[in-house]
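Residue-level listing of the chains:
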Amino acid sequence: VLGRAEELTFQLKSEYHHKFGLTKTWLGNDVPAPEGIVAKGPTPQPKSREKIVEDPDMPPGARRTLTEALAGAEDGDVILVKHGENPEIAIAPTKQLKPGASVTIKPFPGYEPILILDKAFNRDRDTFLFQVMDGKLQIENMELVLDPVNANFDSQSIVHLGESAQCVFKNCFLTLRSTNAVPLNVVTFLDLDRMMKTEGPSPSAARVEFQECFIRGKGDLVGLVGCRMLNVDVKHSLVALEGSLLD
């Protein structure tokens, strides 16, 4: 007869408690809250460099969207994302990040938003959730999903990276879900031959980091278009993809 201690042998870290559908022990019993789970207290107030978006308590016309927040973000800003009853937040391709700015996106405390591409968007055949041509975008504790509704796209990516841009995924859950033949990438490094050339010294190589992430689905982790230098760093992450780690 197995005791309670043996049943919890494979219990996950406290930050994954009741996430990703893992709500039962391997014997089928409810998982108790592990040590480290802190009871929710009063809603924390945002710091001076933090901006709240998609606030369900505001009327629709007054809500600031994630796209608007990124367009006005300054270096060092942190964007906190809320959601309504439905955790899915559909966004159009976003590329207004200011050159050289370092911006972080993460959930507002107590929320678990899921970012998806707006299914009504079909103008560009090679599209994305975010495009960073210069500067740094850091995404923390978020779930992001690509799920093309039709085969009219040449490809879809969560992030397009320019020549010297940086992107960091930290403790994120990334899903590439496709029922058609659309190629999917978590990150695509853009073709330099198709980008506007800049004067001055050559910028540093683009960089993408995955820290403590779970990445799954049909597609590639990193897609390289053309010939260029890049840096890819994967730490303490689980990658279960039908495609390639690096293409």
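Each remark here, short or long, concerns the structure printed above.
Definitions and limits used
- Residues numbered from 1 in each chain as written.
- Predicted model: local features only at pLDDT ≥ 70, side-chain atom pairs only at ≥ 80, totals over all residues.
- Heavy atoms only, no water.
- Helix = DSSP H or I, 4+ residues; strand = E, 2+ residues; numbered from the N terminus.
- Buried < 20%, exposed > 50% of the residue type's maximum accessible area, 1.4 Å probe, protein only.
- Contact = heavy atoms within 4.5 Å.
- Areas by Shrake-Rupley, 256 points an atom, 1.4 Å probe, with all protein chains shown as cover.
- Pairing = 2+ DSSP bridges.
- Axes fitted to C-alpha atoms, helices over the stretch in contact; angles between N-to-C directions.
- Phe/Tyr/Trp six-rings, centres within 6.5 Å; stacked < 30°, edge-to-face > 60°.
- Lys NZ or Arg CZ within 6 Å of the ring centre and 35° of its normal.

Trainee: What's the story with the overall build of the chain in this structure? I'm lost.
Mentor: In terms of regular secondary structure, the chain is built from two helices and 17 strands. Relative to its 247 residues, the chain shows a buried fraction of 40%. Put simply, 77% of the contacts in the chain that link residues at least 6 apart link residues at least 24 apart. When the accessible area of the chain is evaluated, it comes to approximately 13700 Å², of which 51% is carbon and sulfur surface.

Trainee: Can you help me understand the sheet that holds strand β13 (residues 206-211) in this one?
Mentor: As a general point, the strands of a sheet are linked pairwise by backbone hydrogen bonds and lie either parallel or antiparallel. If you walk across this open sheet you meet the seven strands as β1-β2-β4-β7-β10-β13-β16, and the pairing is parallel. The open sheet is flanked by β1 (50-53) and β16 (230-235), the only strands paired with a single partner. Within this sheet the neighbouring strands show an average axis-to-axis angle of 15°, counted without direction. Here strand β4 (residues 102-107) runs beside strand β7 (residues 136-140); their pairing, made up of four bridges, is parallel. Counterpart to S102 in the pairing with β7 is K136.

Trainee: Please explain unusual backbone geometry as it appears in this structure.
Mentor: In terms of backbone geometry, most residues other than glycine have negative phi values and most peptide bonds are trans. In this structure, N141 is a non-glycine residue whose phi angle is positive, near 55°. Secondary-structure assignment places N141 in the loop between β7 and β8 (143-146). The class for N141 is partly exposed, based on a relative accessible area of 37%. A positive phi angle is found at E212, which is not glycine, with a value near 50°. Here E212 lies in the loop between β13 and β14 (214-217). Judged by relative accessible area, which is 31%, E212 ranks as partly exposed.

Trainee: Whenever I open this one, the packing of aromatic side chains confuses me. Can you help?
Mentor: Scanning the entire structure with this criterion turns up three aromatic pairs. Where F108 meets Y111, the ring centres are 5.9 Å apart and the plane angle is 75°; that geometry is what we call edge-to-face. A relative accessible area of 3% means that F108 is categorised as buried. On the basis of an interplanar angle of 5° and a centroid distance of 5.3 Å, the ring pair of F169 and F210 is categorised as stacked. One end of the pair, F169, is in strand β10 (residues 166-170); the other, F210, is in strand β13, with 41 residues separating them in the sequence. Here F169 and F210 have matching classes, each one buried. The ring of F108 is capped by K82, whose NZ or CZ atom sits 4.6 Å from the centre of that ring.

Trainee: For this particular structure, what's the right way to read the pairing of strand β5 (residues 114-117)?
Mentor: Taken residue by residue, a regular strand's side chains alternate between the two faces of the sheet. Burial along β5 is two-sided: the residues I114 and I116 and L115 and L117 are all buried. Bridge count for strand β3 (residues 88-91) against β5 is four bridges, and the pairing is parallel. Bridge pairing in β5 links E88 to I114. In this sheet, β8 lies alongside β5 in parallel orientation, the contact comprising three bridges. Directly across from I116, in β8, lies its bridge partner V145.

Trainee: Mind showing me how you'd approach the side chain of Q156 here?
Mentor: Here Q156 lies in strand β9 (residues 155-161). Among all residues touching Q156, those that are not within four sequence positions of it are L117, T127, L146, D147, P148, V182, P183, L184 and N185.

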